[in-house]
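Chain by chain, the residues run as shown.
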Amino acid sequence: MKKVTDIVRELALPIVEENGCTLWDVEYVREAGQWYLRVYIDKEGGVNILDCEAISRPLSDALDEADPIETSYIFEVTSAGAERPLKRPGDFEQFMGSPIVLKTYKPRDGRKEFSGDLTAYDNGAVEMKAGGQILRFEKEEIALVRLRCDF
């Protein structure tokens, strides 16, 4: 049986692409006792509210028709954001050399958050250059990797 996110991804992809955007991610999560279905989109030059609306309306109709979720949920279409999480190998390839923040499950050298530039990705392991040294984190250690914006 397919996961909800896989079904939604299949429904969303053609609608997102028809509107000149790319599908970044789909998440179905429970927060504060309520289920949320979020579709993250991206576009060259950035996503605006009109892009989200243009995708939200037909995708909402497609979700109503397919009815892949039995319970009630809050549906959102949103930008992937400047500090988006990197999850898939293609995400890491696309942003190689970019500044990132990496969070670990357990402390390493007394901390769980590291900042640096993404230098390598290999089967879930991430390498980053931080403070003049290369740090390597194995897949099992990594809780989150996201882009970092310095303002």
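Overview of the overall build of the protein chain
Looking only at helices and strands, one finds three helices and eight strands in the protein chain. Dimensions of the protein chain along its principal axes, counting C-alpha atoms only, are 50 × 35 × 25 Å. Put simply, the protein chain has 151 residues, and 35% of those count as buried. Within the protein chain, contacts between residues separated by at least 24 positions form 50% of all contacts whose residues are at least 6 apart in sequence. Accessible surface computed for the protein chain: about 9,100 Å², of which carbon and sulfur atoms make up 48%. With 20 positive and 29 negative side-chain charges, the protein chain shows a spacing of 7 Å between the two charge centroids.

Quick look at the sheet that holds strand β6 (residues 125-130)
Judged by pairing direction, the sheet is antiparallel, and its five strands sit side by side in the order β7-β6-β5-β4-β8 without closing on themselves. A strand with exactly one partner marks an edge of an open sheet, and here the two such strands are β7 (133-137) and β8 (142-147). Direction aside, neighbouring strands of the sheet carry axes that sit 40 degrees apart on average.

Considering the side chain of E27
Examined against the element boundaries, E27 turns out to sit in strand β1 (residues 22-31). Reaching out from E27, the side chain makes a polar contact with the side chain of Y40 at a distance of 2.8 Å. Those residues within four positions of E27 in sequence are excluded, and the remaining contacts are T5, Y36, L37, R38 and Y40.

Quick word on unusual backbone geometry
Most peptide bonds adopt trans geometry, and most residues besides glycine take a negative phi value. At D67, a residue that is not glycine, the phi angle is positive and equals roughly 50 degrees. The topology assignment puts D67 in the loop between α2 (49-66) and β3 (74-79). The residue N123 is not glycine, and still its phi comes out positive at about 50 degrees.

Structural notes on the environment of R38
Its location among the elements puts R38 in strand β2 (residues 34-42). With a relative accessible area of 10%, R38 lands in the buried category. The sequence separation of R38 and I15 amounts to 23 residues, and the corresponding C-alpha distance is 15 Å. Within the local environment of R38, its side chain forms a polar contact with the side chain of E31, the two groups lying 3.0 Å apart.

Calculation notes
Residues numbered from 1 in each chain as written. Predicted model: local features only at pLDDT ≥ 70, side-chain atom pairs only at ≥ 80, totals over all residues. Heavy atoms only, no water. Helix = DSSP H or I, 4+ residues; strand = E, 2+ residues; numbered from the N terminus. Buried < 20%, exposed > 50% of the residue type's maximum accessible area, 1.4 Å probe, protein only. Contact = heavy atoms within 4.5 Å. Areas by Shrake-Rupley, 256 points an atom, 1.4 Å probe, with all protein chains shown as cover. Lys, Arg positive; Asp, Glu negative; His and termini not counted. Charge placed at Lys NZ, Arg CZ, Asp CG, Glu CD. Pairing = 2+ DSSP bridges. Axes fitted to C-alpha atoms, helices over the stretch in contact; angles between N-to-C directions. Polar contact = N/O pair within 3.5 Å; in protein donor to acceptor, adjacent residues only side chain to side chain.

Purely spatial values, then, with no claim about function.
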